[in-house]
Amino acid sequence: MDLYEHQARQLFEEHGIPVPRAEVTDSPKEARAIARRLGGRAVVKAQVRTGGRGKAGGVKLAADPAAAELTARQILGMDIKGHRVDTVMLAQPVDIDTEYYVSYVLDRTAGGFLAIASAEGGTDIEEVAASRPEAVARVPVDPAEGVTSAKAGEIAEAAGLPPGTVDTLVRLWRVLVAEDALLVEVNPLVRTRQGRVLALDGKVTLDDNARFRQERWGADTPAPGDPLEAAAAAKGLNYVRLDGEVGVIGNGAGLVMSTLDVVAGCGARPANFLDIGGGASARVMADGLSVVLADPAVKSVLVNVFGGITACDAVAEGIVQALESVRLTKPLVVRLDGNNAARGRAVLDRRAHPGVEQATTMDGAARRAAQLATDA
Ligand SMILES: Nc1ncnc2c1ncn2[C@@H]1O[C@H](COP(=O)(O)OP(=O)(O)OP(=O)(O)O)[C@@H](O)[C@H]1O
Ligand SMILES: [Mg+2]
């Protein structure tokens with residue numbers, strides 16, 4: 001999950017990274033009062049979870065409180081790359097001497113983190129990175145060692161940042177660790193004409209898998225754009241909507257991914273990814289089925305389960321119970337294999353629901369589900 005700039009700013013502040021004074025509002029009148037509190041002038045900044053706000057007209061300097069009100073009125077309601085601006089942050093303007101870029105980002109291929117830094121930060125950083133990659137330093141960070149002062153010194157030197165940024169580099173790493181972030185970025189980190197180092201803009205992406213211990217941001221979770229994805233997220237399901245017609249439910253992300261491939265290999269298109277996880281209970285199965293069936297594009301549903309810790313008979317019981325609460329509006333093909341598969345199949349045979357068919361192999365199940373979808 002991406003945080004808003006003002007949330008990132010708050011985290012920076014809590015971890016001792018110097019930031020300009022700032023306040024957030026959704027009202028132009030209040031913007032005027034805030035500008036007054038900040039000393040008259042203010043930078044009015046659209047709060048949207050996307051970059052390039054400045055270039056889109058979402059970051060403007062207001063010379064006095066009246067101008068701040070006017071500017072806030074202009075920016076509020078603006079559309080920036082499909083994001084509507086509901087709030088603005090007013091920040092105290094600082095006298096910028098130099099703008100730098102710094103970030104830590106998870107590097108999955110390397111199994112570690114990467115520090116990316118440049119002495120040429122600001123709104124053109126993407127251009128700099130593309131046209132002169134040598135101006136952007138990339139320094140691997142061992143997650144076990146983290147960013148010590150020595151490491152921060154190494155990063156600063158590689159990027160040509162002044163020694164005054166080292167403390168911020170160390171603290172920024174602490175933000176990443178303490179907040180379970182996959183990315184922390186400051187652009188620009190500036191040196192002011194008075195020689196202070198300040199973070200003027202921040203982007204933080206939190207690891208959704210750590211959400212259970214980062215409850216603070218829970219209420220602010222952006223609703224997924226797709227209504228079915230939103231409904232699934234509300235039920236805690238691992239669901240991604242795709243654009244096909246065969247609904248897919250499985251246990252384990254790897255199995256579900258291969259099921260999508262096999263469905264595609266049968267000439268059909270999967271309608272979704274849904275991993276009901278290891279401990280697939282009746283409740284989860286019912287929730288999953290109802291989300292998948294609610295997709296009007298779905299013509300058939302394939303349940304592909306490999307029994308492990310949760311045995312197939314428990315999953316089959318789950319399906320039977322789910323059929324009590326969910327009206328099966330489309331044909332369901334079930335393939336059970338692995339732990340207690342025979343018992344699981346027997347459970348479904350006993351239930352003998354007219355809409356449920358069983359298949360013994362993954363290929364066979366996918367073929368049948370694809371065929372049912374085509375025939376529908
Ligand atoms: N408090 C401030 N005082 C003075 N100038 C500022 C301030 N905040 C931002 N700026 C200027 O505005 C530019 C754009 O601001 P900011 O980086 O916050 O917006 P952005 O367009 O979203 O950036 P990004 O390119 O990272 O998406 C900064 O590079 C800086 O030059
Ligand atoms: Mg920026």
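This structure is a prediction, so every number in the text was calculated from the model and none was measured.

Each value, and the rule that gives it
- Residues numbered from 1 in each chain as written.
- Chains lettered and ligands numbered in written order.
- Predicted model: local features only at pLDDT ≥ 70, side-chain atom pairs only at ≥ 80, totals over all residues.
- Heavy atoms only, no water.
- Helix = DSSP H or I, 4+ residues; strand = E, 2+ residues; numbered from the N terminus.
- Buried < 20%, exposed > 50% of the residue type's maximum accessible area, 1.4 Å probe, protein only.
- Areas by Shrake-Rupley, 256 points an atom, 1.4 Å probe, with all protein chains shown as cover.
- Lys, Arg positive; Asp, Glu negative; His and termini not counted.
- Charge placed at Lys NZ, Arg CZ, Asp CG, Glu CD.
- Axes fitted to C-alpha atoms, helices over the stretch in contact; angles between N-to-C directions.
- Parallel < 35°, antiparallel > 145°, perpendicular 65-115°, else oblique.
- Left-handed = near helix turned anticlockwise from the far one by under 90°.
- Contact = heavy atoms within 4.5 Å.
- Nonpolar A, V, L, I, M, F, W, Y, C, P; charged D, E, K, R; others polar.
- Donors = N, O, S within 2.8 Å, 3.2 Å for Na, K, Ca; no water.
- UniProt positions renumbered as here; feature names shortened; annotations may be inferred.
- Core = buried A, V, L, I, M, F, W, Y, C linked by side-chain atoms within 4.5 Å.
- Pairing = 2+ DSSP bridges.
- Domains from an automatic or database assignment.
- Polar contact = N/O pair within 3.5 Å; in protein donor to acceptor, adjacent residues only side chain to side chain.
- Phe/Tyr/Trp six-rings, centres within 6.5 Å; stacked < 30°, edge-to-face > 60°.
- Near = heavy atom within 4 Å.

Observations concerning the overall build of the chain
Part 1 of the argument: If you tally the helices and strands in the chain, you get 12 helices and 18 strands.
Part 2 of the argument: With the principal axes as the frame, the chain shows a C-alpha extent of 80 × 45 × 35 Å.
Part 3 of the argument: Within the span of the chain, comprising 376 residues, buried residues form 51% of the whole.
Part 4 of the argument: When the accessible surface of the chain is split by element, carbon and sulfur atoms take 50% of a total near 17200 Å².
Part 5 of the argument: Across the chain, the mean location of the 42 positive side-chain charges is 4 Å away from that of the 49 negative side-chain charges.

Considerations on the packing of helix α9 (residues 282–293) against helix α10 (residues 312–325)
Part 1 of the argument: Running from amino to carboxyl end, α9 crosses α10 at an angle of 55 degrees, the nearest separation of the two axes being 8 Å. Put simply, α9 runs oblique to α10. Where α9 crosses over α10, the two elements pack in a sense that is right-handed. Listed contacts from α10 to Ala-282, Met-285, Ala-286 and Leu-289 of α9 are Val-315, Gly-318, Ile-319, Gln-321, Ala-322 and Ser-325.
Part 2 of the argument: Class assignment for the residues of the contact of α9 with α10 results in seven nonpolar, three polar and no charged.

Structural notes on the coordination of the magnesium ion (ligand 2)
Part 1 of the argument: The coordination sphere of the magnesium ion (ligand 2) contains the protein donors Asn-187 (O) and Asp-201 (OD), at a distance range of 2.1 to 2.2 Å. Of the two residues, Asn-187 is situated in strand β10 (residues 181–192) and Asp-201 in the loop between β11 (197–199) and β12 (202–206); the sequence distance between them amounts to 14 residues. Of the two residues, Asn-187 and Asp-201, both sit in the buried class.

Quick word on the UniProt feature "domain: ATP-grasp" (unreviewed entry) in the chain
Part 1 of the argument: Within this structure's numbering, the places UniProt gives as "domain: ATP-grasp" (unreviewed entry) are residues 9–215.
Part 2 of the argument: Between the first and last C-alpha atoms of residues 9–215 the distance is 18 Å; the span itself is 28% helix and 32% strand.

What about the nonpolar core?
Part 1 of the argument: The biggest cluster of nonpolar side chains holds 38 residues, and the ones touching the most others in it are Phe-12, Tyr-104 and Val-204.
Part 2 of the argument: Grouped together as the second largest cluster of nonpolar side chains are 34 residues, Ile-276, Met-285, Leu-289 and Leu-336 included.

Describing the environment of Arg-132
Part 1 of the argument: Turning to its location among the elements, Arg-132 is positioned in the loop between α4 (125–131) and β9 (136–141).
Part 2 of the argument: Between the alpha carbons of Arg-132 and Glu-357 there is a distance of 59 Å; along the sequence they are 225 residues apart.
Part 3 of the argument: Excluding residues within four positions of it along the chain, Arg-132 makes contact with Glu-120 and Glu-127.

Quick notes on the sheet that holds strand β2 (residues 42–46)
Part 1 of the argument: Strands sit in the order β1-β6-β2-β3 across an open sheet of four strands; the sheet is antiparallel. Each having just a single partner strand, β1 (22–25) and β3 (59–62) make up the two edges of the open sheet. This sheet shows a mean twist of 25 degrees between the axes of neighbouring strands, independent of strand direction.
Part 2 of the argument: Note: β1 against strand β6 (residues 88–91), four bridges, orientation antiparallel. Residue pairing for β6: Thr-25 is matched across the bridge by Val-88.
Part 3 of the argument: Along the sheet, helix α2 (residues 28–37) contacts β1, β2 and β6; its crossing angle with β1, the most-contacted strand, is approximately 175 degrees.
Part 4 of the argument: Helix-sheet contacts for helix α3 (residues 65–75) involve β2, β3 and β6, and the interaxial angle to β3 is about 165 degrees.

Looking at the domain arrangement of the chain
Part 1 of the argument: Here the chain is described as being made up of domain 1 (1–20 + 95–222), domain 2 (21–93) and domain 3 (227–375).
Part 2 of the argument: Once you take the C-alpha centre of each, domain 2 and domain 3 turn out to be 48 Å apart.

Considering helix α7 (residues 227–234)
Part 1 of the argument: N-cap assignment for α7: the residue whose side-chain oxygen lies 2.9 Å from the backbone N of Leu-228 is Asp-226.
Part 2 of the argument: Phi turns positive, to about 75 degrees, at Gly-236, one or two residues after α7.

Regarding the packing of aromatic side chains
Centre-to-centre distance and the angle between the planes together describe a pair of aromatic rings.
Part 1 of the argument: Enumeration over the complete set of coordinates arrives at two aromatic pairs.
Part 2 of the argument: Their ring planes at 90 degrees and their centres at 5.4 Å tell us that Tyr-104 and Trp-173 sit as a pair that is edge-to-face. Here Tyr-104 is found in strand β7 (residues 96–107), whereas its partner Trp-173 is found in helix α6 (residues 166–178), with 69 residues between them in sequence. Across the pair, Trp-173 and Tyr-104 agree in class, each one buried.
Part 3 of the argument: For the pair Phe-113 and Trp-173, a centre-to-centre distance of 5.4 Å together with 90 degrees between the ring planes defines the contact as edge-to-face. Of the two residues, Phe-113 sits in strand β8 (residues 112–118) while Trp-173 sits in helix α6, which places them 60 residues apart along the sequence.
Part 4 of the argument: For Phe-113, a relative accessible area of 14% translates into the label buried.

Some remarks on the site of ligand 1
Part 1 of the argument: Around ligand 1 sit 18 residues, and of these Lys-45, Gly-52, Arg-53, Gly-54 and Glu-99 come closest.
Part 2 of the argument: Within the backbone of Gly-52, a nitrogen or oxygen atom sits 2.6 Å from an oxygen atom of ligand 1.
Part 3 of the argument: Here an oxygen atom of ligand 1 sits 3.0 Å away from a polar atom, N or O, in the side chain of Asp-201.
Part 4 of the argument: Computed on the free molecule, ligand 1 has an accessible area of 610 Å², of which 86% lies beneath the protein chains in the complex.
Part 5 of the argument: For the shell around ligand 1, the elements supplying multiple residues, two or more each, are β2, β7 and β10.
Part 6 of the argument: By residue class, the composition of the shell around ligand 1 is eight nonpolar, six polar and four charged.

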